[in-house]
Amino acid sequence: MLPIQRKISSYNHYKGNNIRYIVLHYVGAKGTAKNNVDYFYNGDRQASAHYFVDDISIWQSVEDYNGSWAVGNTRTEVNNKNSINIEMCCPNPQLLISEKTESNTVELVKYLMDKYNIPIRNVRTHYEVSGKTKVCPNWNMNNWSRWNSFKEKLSSNSSNTNNNVNINKEERCKMKYAICYTNDVDERAAKYLRDYLGEQAQIFDARIKMNWKGFAENLIAVGGDSTPMGFSGYTTHRIKGDTRYTTAQKVLDICLGKGKLDNYKVK
Ligand SMILES: [Zn+2]
């Protein structure tokens, strides 16, 4: 699966989400996942969704544990307060969902189904949950056969987790710092490092299997145990103390100018 990049908006969400459903949408306007996450980050749009997916990325805009303004109400069986909503993006003017975007979305849905124990019957289209009033995603032109094949892919066990992300290195390397962690204490340290490194840095939970190859210019592991982590082959920096707290100390030293990131380069 592609890593989940985050730009959580402070606008347009409900506090709390009783997660039981996943609802799929398409963005009925031209734009990448990054374009969309920026748009919803930058103002009150009277709408929102948890995830935006395109050919090369997954961006999260609303926390899973909060409801989004995507389904249209809080009353029907499937609603804003019991669902995770995923928007497939259409960077092309014809507003077609590409095969690559679809397969990236399949991986994300599989991951969320597993994480929240959601059965396939609770994965729906906006079209289905709207009482067939919203043609969303715009898959009706082929009589929803695409939706049926999407569900077949969800039920197949073939995991292409470590796939095939056919993106050239240039595109993948746009991110300067990817900071990875594998437990909650290290996550806090990773967040300090992200704050310190600024906008060009993002944090990732390395317990989620991803294709790290060429993912970022600098792939920084914060802590982790001694067993090889999934991304270890591509790690450029490793910050690790004897305990989780000494790991955090080393990170704080960097933030305070007492240590240098480059001292932690993997040789
Ligand atoms: Zn929709």
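All values reported here derive from a predicted model rather than from experimental measurement.

## Some details on the confidence of the model for the protein chain
- Predicted confidence across the protein chain gives a mean pLDDT of 86, with 88% of residues reaching 70 or more.
- Per-element mean pLDDT across the protein chain ranges from 45 in helix H5 (residues 169–172) up to 98 in strand E4 (residues 51–53).

## Details of the packing of helix H6 (residues 184–197) against helix H7 (residues 244–255)
- Relative orientation of the contacting elements H6 and H7 amounts to 5 degrees, with a least axis distance of 9 Å. When the axis of H6 is compared with that of H7, the two are roughly parallel. When H6 is examined against H7, the residues Val185, Asp186, Arg188, Ala189, Tyr192, Leu193 and Tyr196 are found in contact with a partner set consisting of Arg244, Thr247, Ala248, Val251, Leu252, Ile254 and Cys255.
- Grouping the constituent residues of the contact of H6 with H7 by class yields 10 nonpolar, one polar and three charged.

## A few points about the packing of helix H2 (residues 99–116) against helix H4 (residues 145–155)
- Two elements in contact, H2 and H4, have axes separated by 10 Å at closest approach and are oriented at 45 degrees. The orientation of H2 with respect to H4, classified from their angle, is oblique. Where H2 crosses over H4, the handedness of that crossing is right-handed. Residue-level inspection shows Glu102, Val106, Val109 and Lys110 of H2 in contact with H4, the latter providing Phe150, Lys153 and Leu154.
- Residues of the contact of H2 with H4, tallied by class, amount to four nonpolar, no polar and three charged.

## Some remarks on the sheet that holds strand E9 (residues 177–181)
- In spatial order, the strands read E10-E9-E11-E12; together these four strands make up an open sheet with parallel pairing. Either end of the sheet is taken by a strand with one partner, and the two such strands are strand E10 (201–205) and strand E12 (237–239). Mean inter-strand twist for the sheet, computed between neighbouring axes without regard to direction, equals 25 degrees.
- With four bridges joining them, E9 and strand E11 (residues 218–222) adopt parallel strand pairing. Bridged to Tyr177 within E11 is Asn218.
- Each of E9, E10 and E11 is contacted by H6, which is oriented at about 165 degrees to E9, the strand it contacts most.

## Looking at the pairing of strand E7 (residues 83–90)
- Most of E7 sits out of view: eight of its eight residues are buried.
- Where strand E3 (residues 21–30) meets E7, seven bridges bridge the pair, whose relative direction is parallel. From the neighbouring strand, Lys30 faces E7, where its bridge partner is Cys90.
- Across three bridges, E4 lies against E7 in parallel orientation. For Tyr51, the partnering residue across the bridge sits in E7 and is Ile86.

## Examining the nonpolar core
- Grouped together as the largest cluster of nonpolar side chains are 36 residues, with contacts concentrated most on Tyr51, Phe52, Val53 and Ile86.
- When residues of this core are traced back to their parent elements, those giving at least two are E3, helix H1 (33–41), E4, strand E5 (58–60), E7, H2 and helix H3 (126–129).
- For this core, the element with the highest residue contribution is E3, accounting for six residues.
- Residue contacts for Tyr51: discarding those within four places in its chain leaves Ile58, Trp59, Gln60, Ile86, Glu87 and Leu108.
- Grouped together as the second largest cluster of nonpolar side chains are 22 residues, Phe204, Phe215, Ala221 and Ile239 included.

Conventions adopted
Residues numbered from 1 in each chain as written. Predicted model: local features only at pLDDT ≥ 70, side-chain atom pairs only at ≥ 80, totals over all residues. pLDDT = per-residue confidence, 0-100. Helix = DSSP H or I, 4+ residues; strand = E, 2+ residues; numbered from the N terminus. Axes fitted to C-alpha atoms, helices over the stretch in contact; angles between N-to-C directions. Parallel < 35°, antiparallel > 145°, perpendicular 65-115°, else oblique. Contact = placed C-beta atoms within 7 Å. Nonpolar A, V, L, I, M, F, W, Y, C, P; charged D, E, K, R; others polar. Left-handed = near helix turned anticlockwise from the far one by under 90°. Pairing = 2+ DSSP bridges. Buried ≥ 20, exposed ≤ 12 C-beta atoms within 10 Å, placed from the backbone. Core = buried A, V, L, I, M, F, W, Y, C linked by C-beta atoms within 7 Å.

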